[in-house]
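Chains, contacts and geometry: an overview
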Amino acid sequence: MLSERMQSAINAQINAELWSAYLYLSMSMDAANKGMKGIANWFAIQFKEEQDHAQIFINYINSQGGRVLLAPIAAVDTEWKSPLAMFEQTLIHEQKVTSLINGLYNLAIEEKDHATKNMLDWFIDEQVEEEESARDIIDQMRMVEGNKFGLYMIDKEMATRTYTTPSPLATE
Ligand code: MG
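Remember, it's a predicted structure, so these values are computed and weren't measured experimentally. In this convention, every chain numbers its residues from 1, walking through the sequence in written order. At least 70 in pLDDT is required for a residue's local features to be given in this predicted model, at least 80 for side-chain atom pairs to be given and counted, and no such filter applies to totals for whole chains, interfaces and linings, which use all residues. Just so you know, side-chain values use all the structure's heavy atoms and leave hydrogens and water out.

**What to know about the packing of helix H1 (residues 4–33) against helix H3 (residues 83–110)**
Using the following cut-off: In this analysis, axes come from line fits to C-alpha atoms, helices being fitted only over the stretch in contact, and the angle between any two N-to-C directions falls in the range 0 to 180 degrees. We count a stretch as a helix when DSSP gives it H or I for four or more residues in a row; a strand needs E for two or more, and each element gets its number in order from the N terminus. What sets the label is the angle itself: under 35 degrees gives roughly parallel, over 145 gives roughly antiparallel, 65 to 115 gives roughly perpendicular, and the rest give oblique. Each residue receives one of three labels: charged for Asp, Glu, Lys and Arg, nonpolar for Ala, Val, Leu, Ile, Met, Phe, Trp, Tyr, Cys and Pro, and polar for the others, Gly being one of them.
For the pair H1 and H3, interaxial distance at closest approach is 11 Å and the crossing angle is 170°. Between H1 and H3, the angle falls in the class roughly antiparallel. The class makeup of the residues in the contact of H1 with H3 is 16 nonpolar, five polar and five charged.

In structure tokens form, the structure reads like this:
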């Protein structure tokens, strides 16, 4: 069973994951609008993954007999000055999400809520990957800054990213 405090913290995290989804969908739309199909694809997959993250938390609350409460999703930016700016915001945002996940983890420890702590382990690892992939792309984009052909090649490579269902949902 979830404490009231834990349940409302996880509900807040559901909102944060859905906000992330909305942010990445907006980036995908901006990239598509500017003809960068690969980057649009990359963010479209990111959009799906963030919805999956929300779904994992939703399933978890339901499996504990708790109550999911969906709050309004705040507005997101609609335009970025460059693809690099998108990925810089992505990294800053993912670092913030990491600190939110760490906060949930600390609360689980404080409440001796071992089930929630175990569920969060997957997210701890996932955040390392999220930050790493944003950082790698920022590095690549900085390498080719000002070189349109370089950006074209990165966009081409990003078109090859494919979606895979995250393991906590794949087993269902
Ligand atoms: Mg997420």
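**Looking at the coordination of the magnesium ion**
Stated formally: With water omitted from the atoms examined, metal sites may look incomplete; donors here are N, O and S atoms no farther than 2.8 Å from the metal, or 3.2 Å in the case of Na, K and Ca. Each residue's exposure class comes from its accessible area (1.4 Å probe, protein chains only) as a fraction of the maximum for that residue type: buried when under 20%, exposed when over 50%, partly exposed otherwise.
Distances from the magnesium ion to its protein donors, namely Glu-17 (OE), Glu-50 (OE) and His-53 (ND1), fall within the range 2.1 to 2.2 Å. Read in sequence order, the donor residues for the magnesium ion give the motif E-x32-E-x2-H. Note that Glu-50 and His-53 are positioned in helix H2 (residues 37–63) at a spacing of three residues, about one turn of the helix. Both residues of the pair, Glu-50 and His-53, count as buried.

**Brief notes about helix H4 (residues 114–143)**
As a reminder, the rule being used: The span you would expect from a helix comes to 1.5 Å times its residue count less one. Throughout, the bend at a residue refers to the angle made by two axes, fitted to the seven residues ending there and to the seven starting there.
Given a rise of 1.5 Å per residue, 30 residues ought to cover 44 Å, and the 44 Å separating the end C-alpha atoms of H4 matches this to within 8%. In the structure, H4 departs most strongly from a straight axis at Leu-120, where the bend amounts to approximately 30°.

**Some thoughts on the packing of H1 against H2**
Rule in force here: Helix crossings get a hand from a simple test, with the near helix turned counterclockwise from the far one by less than a right angle marking a left-handed crossing and a clockwise turn marking a right-handed one.
The interhelical angle for the contact between H1 and H2, taken along N-to-C directions, is 165°, at an axis separation of 8 Å. Viewed along their axes, H1 and H2 adopt a mutual orientation that is roughly antiparallel. The handedness of the crossing between H1 and H2 comes out as left-handed. Taken together, the residues that form the contact of H1 with H2 break down as 19 nonpolar, eight polar and two charged.

**Looking at the packing of aromatic side chains**
Worth spelling out the cut-off: Only Phe, Tyr and Trp rings are paired, with Trp represented by its six-membered ring, and only when their centres lie within 6.5 Å; those with planes under 30 degrees apart are stacked, over 60 edge-to-face, the remainder tilted. The rule for a charge over a ring is simple: NZ of Lys or CZ of Arg within 6 Å of the ring centre, and within 35 degrees of the ring normal.
Tallied over the entire structure, the rule returns seven aromatic pairs. Judged by centre distance (5.1 Å) and plane angle (65°), the ring pair of Trp-42 and Phe-87 falls under edge-to-face. In this pair, Trp-42 sits in helix H2 while Phe-87 sits in helix H3, placing the two residues 45 residues apart along the sequence. Pair check on accessibility: Trp-42 and Phe-87 agree, each one buried. Ring pairing ties together the aromatic residues Tyr-24, Trp-42, Phe-43 and Phe-87, which thus form one cluster. It is Lys-48 that lies over the ring of Tyr-163; its NZ or CZ is 5.1 Å from the centre.

**Digging into the environment of Gln-89**
Definition in use: Throughout, a residue-residue contact means that at least one pair of heavy atoms, one from each residue, lies within 4.5 Å.
Here Gln-89 lies in helix H3. Through-space distance from the C-alpha of Gln-89 to that of Ala-134 is 9.2 Å; in sequence the pair is 45 residues apart. In this structure Gln-89 touches Leu-23, Met-27, Asp-77 and Trp-80, once residues within four positions along its chain are discounted.

**Description of the environment of Met-119**
Here Met-119 lies in helix H4. On the accessibility criterion, Met-119 (13% relative accessible area) is buried. Separated by 63 residues in the primary sequence, Met-119 and Ile-56 have C-alpha atoms spaced 9.0 Å apart. Sequence-distant contacts of Met-119, that is, excluding residues within four places in its chain, are made with Ile-10, Phe-57 and Tyr-60.

**Here's the deal with a nonpolar patch on the surface**
Definition in use: The patch calculation keeps residues exceeding 30% relative accessible area without a salt bridge and links them within 9 Å when they carry like charges or within 5 Å when they are nonpolar (Val, Leu, Ile, Met, Phe, Trp, Tyr). A 1.4 Å probe and the Shrake-Rupley method give the accessible areas. Residues count as covered only by the protein chains that appear here. The term salt bridge refers to a pairing of a side-chain nitrogen on Lys or Arg with a carboxyl oxygen on Asp or Glu at a separation within 4 Å.
A contiguous nonpolar patch, built from Phe-149, Tyr-152 and Met-153 and spanning about 350 Å² of accessible area, is present on the exposed surface. When you line up the elements, Phe-149 lands in helix H5 (residues 148–158). Given a relative accessible area of 57%, Phe-149 falls into the exposed group.

**Here's the deal with unusual backbone geometry**
The bulk of non-glycine residues show a negative phi, and the bulk of peptide bonds are trans. Positive phi values are uncommon outside glycine, yet Lys-112 reaches one of about 55°. Relative to the helices and strands, Lys-112 is located in the loop between H3 and H4. Residue classification places Lys-112 among the exposed positions, given a relative accessible area of 65%.

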